[in-house]
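# Structural overview for review
Listed below, chain by chain, are the residues.
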Amino acid sequence: MRVLVTGGSGFLAAWVMRRLLARGMQVRAFDLREDARLVRALAPERADTIDWRTGDIAEARDAARALDGCDAVIHLARVLTPACAADPVRGARINLIGTLNVFDAAIACGIGSVLYASSAGVFGPDDGATPFPTTHYGAFKLACEGSARAYWHDRGISSVGFRPLVVYGAGRETGSSAGPSLACRAAARGERYTIPFTGATGLVYADDVAAAYELALTCGFTGARAFTLAGEITPMERVIDHLRRIAPDADIDASGAPLPIATSFPDDPSLARLLPDLPATSLADGLRQTVAFYR
């Protein structure tokens, strides 16, 4: 199986490609430019087998050329909350128009399903059951979910979108919620760092999110589905406590307003039915592995 991973230079893509390569799949990465540093660090034995293609996901022809000859697609190309706030039109072109281009390219190539990245940003700060985004990024991701449903009803193409909360792990160094990962890097290097938000949020380890895409790729599904990956709802004080146990000299604290994302989400038994073997790395283990990477 040859799988296209869009946003191939990004943090989550590197973790996803690591898993696909370990299964012996052929991987094609697509991005504005090739940057294989993180995937080489995560999968040094196989990273050089990736077929890199460059282009703009917001351009339909580039997306179509990238997908040509592939059997499946995992669409992760996006810009995050700060970039969408700074330039909403650019954010919409990449996050929404780019997603439409991927669906259209999949239809043209005869691919029957799309896996894509949504976000818990589709929810507001108070309700984890009813989407009510308060950011451009969340609004674009909610529009992607709606379009995915429309593609199912109009064209019969299935999809799964995952809505992770704060994804942390090696290489997560940009975006408004990168603080826990950057705190791990600082702890490993003996540097001082302030996580730029307080309160509790859901933390989900990067490899668990990557596993969700890997398992969904091979499980077979129909319809247009979107699943929240909440991880562990954790106050930042607990993250700091863990890091001090892992690195006793760590000089980490937290300051600022809580993230504008809900912290309570209803159970969704349909996710467990679709992906019964989905792993759930404990916070302590995930932080320990992240610190070890940076060391």
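Residues numbered from 1 in each chain as written. Predicted model: local features only at pLDDT ≥ 70, side-chain atom pairs only at ≥ 80, totals over all residues. Heavy atoms only, no water.

The name recorded for the chain in an unreviewed UniProt entry is NAD-dependent dehydratase, from Caballeronia hypogeia. Per UniProt, the chain carries the Pathway (unreviewed entry) text "Bacterial outer membrane biogenesis; LPS O-antigen biosynthesis." UniProt, in the comment section headed Sequence similarities (unreviewed entry), describes the chain in these words: "Belongs to the NAD(P)-dependent epimerase/dehydratase family." (UniProt positions renumbered as here; feature names shortened; annotations may be inferred.)

### Quick look at the nonpolar core
Phe 162 and Tyr 213 are the most contacted members of the largest nonpolar core, which has 69 residues in total. The biggest single contributor to this core is helix H1 (residues 11-22), with 9 residues. Non-local contacts of Phe 162, meaning those with residues more than four positions away in its chain, are made with Tyr 116, Ala 117, Ser 118, Ser 119, Ala 212, Tyr 213, Ala 216, Phe 227, Leu 229, Leu 271 and Leu 275. Val 73, Ala 77, Phe 103 and Phe 140 belong to the second-largest nonpolar core, a separate cluster that totals 26 residues. (Core = buried A, V, L, I, M, F, W, Y, C linked by side-chain atoms within 4.5 Å. Buried < 20%, exposed > 50% of the residue type's maximum accessible area, 1.4 Å probe, protein only. Helix = DSSP H or I, 4+ residues; strand = E, 2+ residues; numbered from the N terminus. Contact = heavy atoms within 4.5 Å.)

### Overview of the sheet that holds strand E1 (residues 2-6)
As summarised here, the arrangement of the 7 strands in space is E3-E2-E1-E4-E5-E6-E10, forming an open sheet in which the pairing is parallel. In the strand order of this sheet, the two ends are held by strand E3 (51-54) and strand E10 (224-229), each with one partner. Here the strands of the sheet are splayed against their neighbours by 20 degrees on average, with no regard to which way each runs. Pairing between strand E5 (residues 113-117) and strand E6 (residues 158-164): 5 bridges, direction parallel. Bridge pairing in E6 links Ser 113 to Ser 158. (Pairing = 2+ DSSP bridges. Axes fitted to C-alpha atoms, helices over the stretch in contact; angles between N-to-C directions.)

### Here we look at the packing of helix H9 (residues 236-246) against helix H11 (residues 283-294)
In contact at an axis separation of 10 Å, H9 and H11 are set at 55 degrees when each is read in the N-to-C sense. Taken as axis vectors, H9 and H11 run oblique relative to one another. H11 is crossed by H9, and the crossing has right-handed handedness. Packed against H9, whose contacting residues are Arg 238, Val 239, His 242, Leu 243 and Ile 246, the element H11 presents Leu 283, Ala 284, Leu 287, Arg 288 and Val 291 at the interface. (Parallel < 35°, antiparallel > 145°, perpendicular 65-115°, else oblique. Left-handed = near helix turned anticlockwise from the far one by under 90°.)

### Brief notes about the UniProt feature "domain: NAD-dependent epimerase/dehydratase" (unreviewed entry) in the chain
Mapped onto the present numbering, the UniProt feature "domain: NAD-dependent epimerase/dehydratase" (unreviewed entry) falls at residues 3-219. Across residues 3-219, the secondary structure splits into 46% helix and 20% strand, with the terminal C-alpha atoms separated by 15 Å.

### Re the sheet that holds strand E11 (residues 232-235)
Strand pairs in the sheet, formed through backbone hydrogen bonds, run parallel or antiparallel to each other. An order of E7-E9-E11 is seen for the 3 strands of this open sheet, with the pairing classed as mixed. Edge positions in the open sheet fall to strand E7 (166-168) and E11, since each of these has one partner strand only. The mean angle between the axes of side-by-side strands here comes to 45 degrees, regardless of whether they run parallel or antiparallel. Its contacts with the sheet put helix H8 (residues 206-219) on E7 and strand E9 (200-205), and the angle it makes with E9 is roughly 60 degrees.

### Re the side chain of Ser 118
Structurally, Ser 118 is set in the loop between E5 and helix H6 (136-155). Within the structure, the side chain of Ser 118 is placed 2.6 Å from the side chain of Glu 145, a separation counted as a polar contact. Those residues within four positions of Ser 118 in sequence are excluded, and the remaining contacts are Arg 78, Lys 141, Glu 145, Phe 162, Arg 163 and Pro 164. (Polar contact = N/O pair within 3.5 Å; in protein donor to acceptor, adjacent residues only side chain to side chain.)

### Quick word on the environment of Thr 228
Relative to the helices and strands, Thr 228 resides in strand E10. Take Thr 228: its relative accessible area is 22%, and that puts it in the partly exposed class. Separated by 119 residues in the primary sequence, Thr 228 and Cys 109 place their C-alpha atoms 29 Å from one another. Within the structure, Thr 228 has its side chain in polar contact with the side chain of Arg 163 (distance 3.3 Å).

### Some details on H8
Look at H8: 20 Å from first C-alpha to last across 14 residues, which is about the 20 Å you get at 1.5 Å a residue. Of all 14 residues making up H8, 11 are buried, and the element is well covered by its neighbours. Among all positions in H8, only Ala 206, Asp 207, Asp 208, Val 209, Ala 210, Ala 211, Ala 212, Tyr 213, Glu 214, Ala 216 and Leu 217 are buried. Gly 220 occupies a position one or two residues after H8 and carries a positive phi of about 80 degrees. (Expected span 1.5 Å × (residues − 1).)

### As for the packing of helix H5 (residues 88-109) against H6
It is at 10 Å that the axes of H5 and H6 come closest, and there the two elements cross at 20 degrees. The angle between H5 and H6 places the two elements in the roughly parallel class. Two packed elements cross with a definite hand, and for H5 against H6 that hand is right-handed. On H6, the residues touching Pro 88, Gly 91, Ala 92, Asn 95, Leu 96, Thr 99, Leu 100, Phe 103, Asp 104 and Ile 107 of H5 are His 136, Tyr 137, Phe 140, Ala 143, Cys 144, Ser 147, Ala 148, Tyr 151 and Arg 155. Considering only residue class, the contact of H5 with H6 consists of 12 nonpolar, 5 polar and 2 charged. (Nonpolar A, V, L, I, M, F, W, Y, C, P; charged D, E, K, R; others polar.)

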